[in-house]
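Residue strings, one per chain:
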Amino acid sequence: RALYEVDIAHTAICDLYRPFSLDALRLAQKRGLPHVFFIDTDIVVQMRNLIEAGLIRPGPDRALYVRAYERALRRIVAGADVSFLKGQALIKRYGGYARNAKLFQDTSYQSGEVVGEAAVETRLASREAGVLRLVYAGRLVGRKGCDQAIDIVAKARDKGSDVTLDLIGDGEDRAALEAQAARLGQGAAIRFLGEQPYGPDLLQALAAYDGLLFTPLSEDTPRMIFDGYAAGLPLLGYDIPYVRERAAEEQATVLLPSGDIAGAADELVRLAADSGRLAHLARTALRAGYDNASDVWYRRRAAWTLEALDRARGA
């Protein structure tokens, strides 16, 4: 009923086996309703990464699903009035098939919630030499690679660097991660702060750290990266495609070699000892926070959506 009462539909596909979103798309197409289509993660790369990491089972049905998913999305973007693709990897995979492709980022904070230059400068001025306070904010599940983040921090500390890590969030792996930190003798340096409500208070809390540590086992596009920017936090992340894109676009990123615990730990040790580099990254991250606020992106998305609607009505 809703699709017969609107001028334009917002559509997405999360899983070909779950018909809800796919049915909505087909209904919109059947009615000839103008529609925008959103993709926020390269599922093709993500599934292959998860299979390689042993987090989902392999098998011929998985390979067939990936092929079917990619072919389905090529057809969908070819028919959508505008396709919003999150990141250059999706532009590369589907942009050539799309009638009207637009790159976008998905963020949750508003411009007025960015912590501000004064807070970042105060943090930088009070930072103790050689100390590196890192944070992760998200789900504690296998594909996020928090176990490797703990190993990296422990290795950096073994090398004599004063690196700490706080994990904000909860999930099925929390107990195992807590046990891992205790087993490594890092119970004081690696803390689990539990879930915290999203909002300006969380951004202010993030602003007390020096960087955001992100070590996923598969392709991922978390909004957490931009929340870190809004708190003036550079991204210290495994060099998956989306993190490499962030490094190129905002230049507020330290790329860590994926899966290389010792190599990543060496990067943290070097950064902890380089106050000038850390300060430059923090200021650059804050600028990226303003540039990518949700109200900034919503204005762009609204303009692109209305342009697509006008073209559809004209046709």
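Residues numbered from 1 in each chain as written. Predicted model: local features only at pLDDT ≥ 70, side-chain atom pairs only at ≥ 80, totals over all residues. Heavy atoms only, no water.

Remarks on the overall build of the protein
Assigned secondary structure in the protein consists of 13 helices and 10 strands. Expected size for 315 residues packed as a compact globule is a radius of gyration near 20 Å; at 21 Å, the protein falls within 12% of this value. Taken across its 315 residues, the protein has 50% of its residues classed as buried. Accessible surface, the protein: about 14,700 Å² in total, of which carbon and sulfur atoms supply 50%. Between the mean site of the 41 positive side-chain charges and the mean site of the 42 negative ones, the protein shows a separation of 6 Å. (Helix = DSSP H or I, 4+ residues; strand = E, 2+ residues; numbered from the N terminus. Rg over C-alpha atoms; globule rule 2.2 N^0.38 Å. Buried < 20%, exposed > 50% of the residue type's maximum accessible area, 1.4 Å probe, protein only. Areas by Shrake-Rupley, 256 points an atom, 1.4 Å probe, with all protein chains shown as cover. Lys, Arg positive; Asp, Glu negative; His and termini not counted. Charge placed at Lys NZ, Arg CZ, Asp CG, Glu CD.)

Comments concerning helix H3 (residues 60-79)
Structurally, the α-helix is built with 3.6 residues per turn, so residues lying three or four positions apart point the same way. Along its 20 residues, H3 runs 29 Å from first to last C-alpha, staying within 8% of the 28 Å computed at 1.5 Å per residue. Buried residues of H3: Tyr-65, Val-66, Tyr-69, Glu-70, Ala-72, Leu-73, Ile-76 and Val-77, and no others. Here the buried face of H3 lies against helix H1 (19-31), strand E2 (35-39), helix H2 (43-52), strand E3 (82-86) and helix H4 (88-94). (Expected span 1.5 Å × (residues − 1). Contact = heavy atoms within 4.5 Å.)

A few points about the sheet that holds strand E1 (residues 9-12)
Judged by pairing direction, the sheet is parallel, and its four strands sit side by side in the order E1-E2-E3-E4 without closing on themselves. Looking at which strands have only one partner, the edges of the open sheet turn out to be E1 and strand E4 (101-104). Sheet twist, expressed as the average angle between the axes of neighbouring strands with direction ignored, equals 25°. Alignment of E2 against E3, held across four bridges, turns out to be parallel. Counterpart to Val-36 in the pairing with E3 is Val-82. (Pairing = 2+ DSSP bridges. Axes fitted to C-alpha atoms, helices over the stretch in contact; angles between N-to-C directions.)

Observations concerning the layout of surface pockets
Over the atoms rolls a probe the size of a water molecule, and in doing so it shows where empty space is left. Within this model, the largest pocket holds a volume of roughly 1,400 Å³. Lining of the largest pocket is provided by 48 residues; of these, Thr-41, Arg-139, Arg-143, Lys-144 and Asp-220 occupy positions nearest its centre. Elements supplying a minimum of two residues to the lining of the largest pocket: E1, E2, H2, H3, strand E5 (131-137), helix H8 (200-206) and helix H9 (224-230). It is H2 that provides the largest number of residues to the lining of the largest pocket, a total of four residues. Of the residues that constitute the lining of the largest pocket, the class distribution is 24 nonpolar, nine polar and 15 charged. (1 Å grid on protein atoms, 1.4 Å probe; cavity = no way out; pocket = protein on both sides within 12 Å on 5 of 7 lines; lining within 4 Å. Points joined across faces, edges and corners; volume = space filled by probe spheres on them. Nonpolar A, V, L, I, M, F, W, Y, C, P; charged D, E, K, R; others polar.)

Notes on the packing of helix H6 (residues 146-158) against helix H11 (residues 261-272)
If you want to describe how two helices pack, look at the angle between their axes and the distance between the axes. Running from N to C, H6 and H11 point in directions that differ by 60°, and their axes come no closer than 8 Å. With respect to each other, H6 and H11 are oriented oblique. Both H6 and H11 take part in a crossing whose hand is right-handed. Contact with H6, carried on its side by Gln-148, Asp-151, Ile-152, Lys-155 and Ala-156, involves Ile-261, Ala-262, Ala-264, Ala-265, Leu-268 and Val-269 of H11 and no other residues of that element. (Parallel < 35°, antiparallel > 145°, perpendicular 65-115°, else oblique. Left-handed = near helix turned anticlockwise from the far one by under 90°.)

Examining the nonpolar core
Within the largest apolar cluster, 63 residues are counted, with the highest numbers of intra-cluster contacts made by Leu-132, Leu-236 and Leu-268. Per-element accounting of this core gives the leading share, seven residues, to helix H12 (residues 275-291). Membership of the second largest hydrophobic core comes to 19 residues, among which are Leu-73, Ala-80, Leu-90 and Tyr-94. (Core = buried A, V, L, I, M, F, W, Y, C linked by side-chain atoms within 4.5 Å.)

Overview of the pairing of strand E10 (residues 253-256)
In this structure, strand E9 (residues 235-238) lies alongside E10, joined through four bridges in parallel fashion. Bridge assignment links Gly-237 to a residue of E10, and that residue is Leu-255. What joins E9 to E10 is helix H10 (residues 241-250), and the crossover it makes is right-handed. (Right-handed = clockwise from strand over helix to strand, strands pointing away.)

Points about the sheet that holds E5
Judged by pairing direction, the sheet is parallel, and its six strands sit side by side in the order E7-E6-E5-E8-E9-E10 without closing on themselves. Lying at the two open borders of the sheet, with one neighbouring strand each, are strand E7 (190-194) and E10. Strand after strand, the sheet turns through a mean of 25° between neighbouring axes, direction not considered.

Concerning the side chain of Gln-105
In this structure, Gln-105 sits in the loop between E4 and helix H5 (117-126). Side chain to side chain, Gln-105 and Tyr-242 meet in a polar contact 2.4 Å long. Dropping the residues within four chain positions of it, Gln-105 is found in contact with Lys-86, Gly-87, Phe-226, Tyr-242, Glu-245, Arg-246, Asn-292, Trp-297 and Arg-301. (Polar contact = N/O pair within 3.5 Å; in protein donor to acceptor, adjacent residues only side chain to side chain.)

Describing the pattern of salt bridges
Under the defined criterion, the tally for this structure stands at 19 salt bridges. Residues Asp-15 and Arg-18 are paired through a salt bridge, measuring 4.0 Å at the closest nitrogen-oxygen approach. For Asp-15, a relative accessible area of 17% corresponds to the buried category. One salt bridge in this structure joins Arg-246 and Glu-245, with 3.5 Å as the shortest N-O distance. For the pair Arg-246 and Glu-245, a shared accessibility class is recorded, and that class is buried. Overlapping salt bridges bring together Asp-42, Glu-70, Arg-74 and Arg-93 as one network. (Salt bridge = Lys/Arg side-chain N within 4 Å of Asp/Glu carboxyl O.)

A few points about the packing of aromatic side chains
Counted by the stated rule, this structure contains seven aromatic pairs. Their ring planes at 35° and their centres at 6.0 Å tell us that Phe-84 and Trp-304 sit as a pair that is tilted. A residue pair is termed long-range when its members are at least 10 positions apart, and Phe-84 in strand E3 and Trp-304 in helix H13 (residues 294-314) qualify at 220 residues. Residue Phe-84 shares its accessibility class with Trp-304, and that shared class is buried. Taken together, a centroid distance of 5.5 Å and an interplanar angle of 90° make the contact between Phe-226 and Tyr-229 edge-to-face. Of this pair, Phe-226 and Tyr-229 both sit in helix H9, separated by three residues, roughly a single helical turn. (Phe/Tyr/Trp six-rings, centres within 6.5 Å; stacked < 30°, edge-to-face > 60°.)

From the geometry alone we can't say anything about function, so treat these as descriptive.
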